[in-house]
Amino acid sequence: MKVELVRVNDAFHFEGSGSSEVKVHTDGSPEIGGHNAGVRPMELLLMGLASCSAIDVVLILKKQKQDITDFRVTAEGDRQQEEDTKRSPFRNIHLVFKFTGNDLDEKKIDRAIALSMEKYCSATAQLEALATITHSVEIASA
């Protein structure tokens, strides 16, 4: 896998692309001179984790004929500064999987999420070495 970042302005705005050729914009915070022209890098890490798992879950539930009319994942991470550095990695990450649909089977949803988190999602495997990753589920009828 390979990605490329290209600096867009004289501050911290970058345009990234990879094999999908879709452009993603990142930027620094206004406090350091950024212009809110893209997501922050640490937000992008949470988005990567959430979308990796979300793709797995949708694939599994489609095979099980679950009628999902809306699906959202919220990822929230707690960061902790490392001693003698400016680095603040995530130490705790919580994902909330929110489903709306017709006759959704909670056991199938729980199993799909467990399979993603424990077997399929490479982003989970990457991040769980440094952060505790937990999740919860919300299910509503359509």
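Refer to the structure above for everything that follows.
Residues numbered from 1 in each chain as written. Predicted model: local features only at pLDDT ≥ 70, side-chain atom pairs only at ≥ 80, totals over all residues. Heavy atoms only, no water.

Draft legend 1. Structural context of the sheet that holds strand E3 (residues 24-26). Taking strand neighbours across the sheet as the criterion, the three strands line up as E1-E2-E3 in an open arrangement whose pairing is antiparallel. The open sheet has two edge strands with one neighbour each: strand E1 (4-7) and E3. Neighbouring strand axes in the sheet, compared pairwise and without regard to direction, differ in orientation by 30° on average. The pairing of strand E2 (residues 14-17) with E3 spans three bridges and is classified as antiparallel. (Pairing = 2+ DSSP bridges. Helix = DSSP H or I, 4+ residues; strand = E, 2+ residues; numbered from the N terminus. Axes fitted to C-alpha atoms, helices over the stretch in contact; angles between N-to-C directions.)

Draft legend 2. Quick peek at the environment of Ser-136. Note on placement: Ser-136 falls in strand E6 (residues 132-141). Excluding its chain neighbours within four sequence positions, the residues that come into contact with Ser-136 are His-94, Leu-95, Val-96 and Phe-97. (Contact = heavy atoms within 4.5 Å.)

Draft legend 3. Region of the structure containing helix H1 (residues 41-63). Along its 23 residues, H1 runs 33 Å from first to last C-alpha, staying within 8% of the 33 Å computed at 1.5 Å per residue. When we look at burial in H1, the residues that qualify are Leu-46, Leu-49, Ala-50, Ser-53, Ala-54, Asp-56, Val-57, Ile-60 and Leu-61. For H1, the elements touching its buried residues are strand E4 (67-79), strand E5 (90-102), helix H2 (106-120), helix H3 (122-127) and E6. Directly beyond the C-terminal end of H1, a positive phi value near 60° is found at Lys-65. (Expected span 1.5 Å × (residues − 1). Buried < 20%, exposed > 50% of the residue type's maximum accessible area, 1.4 Å probe, protein only.)

Draft legend 4. Expanded view of the packing of aromatic side chains. Following the criterion strictly, the structure yields two aromatic pairs and no others. With centroids separated by 6.4 Å and ring planes inclined at 10°, the aromatic side chains of Phe-71 and Phe-97 adopt a geometry described as stacked. Pair noted here: Phe-71 is in strand E4 and Phe-97 is in strand E5, with a separation of 26 residues, a long-range link. For the pair shown, Phe-71 and Phe-97 are each scored as buried. Aromatic pair Phe-71 and Phe-99: ring centres 4.5 Å apart, planes at 15°, arrangement stacked. Taken together, the residues span a long stretch of sequence, with Phe-71 in strand E4 and Phe-99 in strand E5 at a distance of 28 residues. Phe-99 shares its class with Phe-71; the two are buried. Ring-pair connections join several aromatic residues into one group, and the members of that group are Phe-71, Phe-97 and Phe-99. (Phe/Tyr/Trp six-rings, centres within 6.5 Å; stacked < 30°, edge-to-face > 60°.)

Draft legend 5. Focus on a nonpolar patch on the surface. Together, Val-22, Val-24, Leu-44 and Met-47 give the surface a local cluster of nonpolar side chains, amounting to about 310 Å² of exposed area. Within the fold, Val-22 resides in the loop between E2 and E3. What makes Val-22 exposed here is its relative accessible area of 52%. (Patch = residues over 30% accessible without salt bridge, like charges linked within 9 Å, V, L, I, M, F, W, Y side chains within 5 Å. Areas by Shrake-Rupley, 256 points an atom, 1.4 Å probe, with all protein chains shown as cover. Salt bridge = Lys/Arg side-chain N within 4 Å of Asp/Glu carboxyl O.)

Draft legend 6. View of the packing of H1 against H2. At their nearest, the axes of H1 and H2 sit 9 Å apart, and the two run at 135° to each other. As far as their axial angle goes, H2 and H1 are oblique. Every pair of crossing elements has a handedness; the one defined by H1 and H2 is right-handed. Judged by residue contacts, Ser-53, Asp-56, Val-57, Ile-60 and Leu-61 of H1 engage Lys-108, Ile-109, Ala-112, Ile-113, Leu-115, Ser-116, Met-117 and Tyr-120 from H2. (Parallel < 35°, antiparallel > 145°, perpendicular 65-115°, else oblique. Left-handed = near helix turned anticlockwise from the far one by under 90°.)

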